[in-house]
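Take a look at the letters that make up each chain.
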Amino acid sequence: MKLVDPAKPNKLQCYDPATMERLGEVSNMSADEVEAVVLKAKKAQVEWAKTSFEERRQVMRYLLKYFVENAD
């Protein structure tokens, strides 16, 4: 298992930690890109905190249904 493939130095190789099965790869991010993603997540959390328990439960049920229907 190699997280960095010398043939693709700008890609991070992803593996299932339980099985070591290769899942794919993602592009490496710069510190500025990481900071932008974190800022976006913080803004989303502020909006999520404004929702009611019922709204959150509805989202979670939708996600559960999706994952169950699309699990391999």
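Procedures and definitions
Residues numbered from 1 in each chain as written. Predicted model: local features only at pLDDT ≥ 70, side-chain atom pairs only at ≥ 80, totals over all residues. Heavy atoms only, no water. Helix = DSSP H or I, 4+ residues; strand = E, 2+ residues; numbered from the N terminus. Rg over C-alpha atoms; globule rule 2.2 N^0.38 Å. Buried < 20%, exposed > 50% of the residue type's maximum accessible area, 1.4 Å probe, protein only. Contact = heavy atoms within 4.5 Å. Areas by Shrake-Rupley, 256 points an atom, 1.4 Å probe, with all protein chains shown as cover. Salt bridge = Lys/Arg side-chain N within 4 Å of Asp/Glu carboxyl O. Expected span 1.5 Å × (residues − 1).

Asker: Explanation requested: the overall build of the protein in the structure shown.
Answerer: The number of helices and strands found in the protein is two helices and two strands. Starting at the N terminus, the α and β elements of the protein follow one another as β-β-α-α. Relative to the globule expectation of 11 Å for 72 residues, the C-alpha radius of gyration of the protein, 17 Å, shows a markedly less compact shape. Dimensions of the protein, computed from C-alpha atoms along their principal axes, come out at roughly 50 × 35 × 15 Å. Every one of the 72 residues in the protein was classed for burial, and the buried ones make up 3%. When contacts within the protein are restricted to residue pairs at least 6 apart in sequence, long-range pairs at least 24 apart make up 0% of them. Counting every atom, the protein has about 6600 Å² of accessible surface; 61% of that belongs to carbon and sulfur.

Asker: I tried to follow the pattern of salt bridges on my own but got confused; where do I start?
Answerer: Between side chains of opposite charge, a pair can form as their charged atoms come close. Per the counting criterion, the structure on display carries five salt bridges. For the salt bridge of arginine 22 with glutamate 25, the shortest nitrogen-to-oxygen distance reads 3.2 Å. On the accessibility criterion, arginine 22 (42% relative accessible area) is partly exposed. Between glutamate 54 and arginine 57 there is a salt bridge, and its shortest N-O distance comes to 2.2 Å. Of the two residues, glutamate 54 and arginine 57 both sit in helix H2 (residues 53–70), three residues apart, roughly one turn of that helix.

Asker: Which parts of the structure should I look at to understand H2?
Answerer: At 3.6 residues per turn, the α-helix brings residues three or four places apart onto the same side. Counted at 1.5 Å a residue, the expected span for H2 with its 18 residues is 26 Å, and the 26 Å between its end C-alpha atoms agrees. Summarising burial for H2: zero of the 18 residues are buried, a small minority.

Interpretation in functional terms is not warranted from these geometric data alone.
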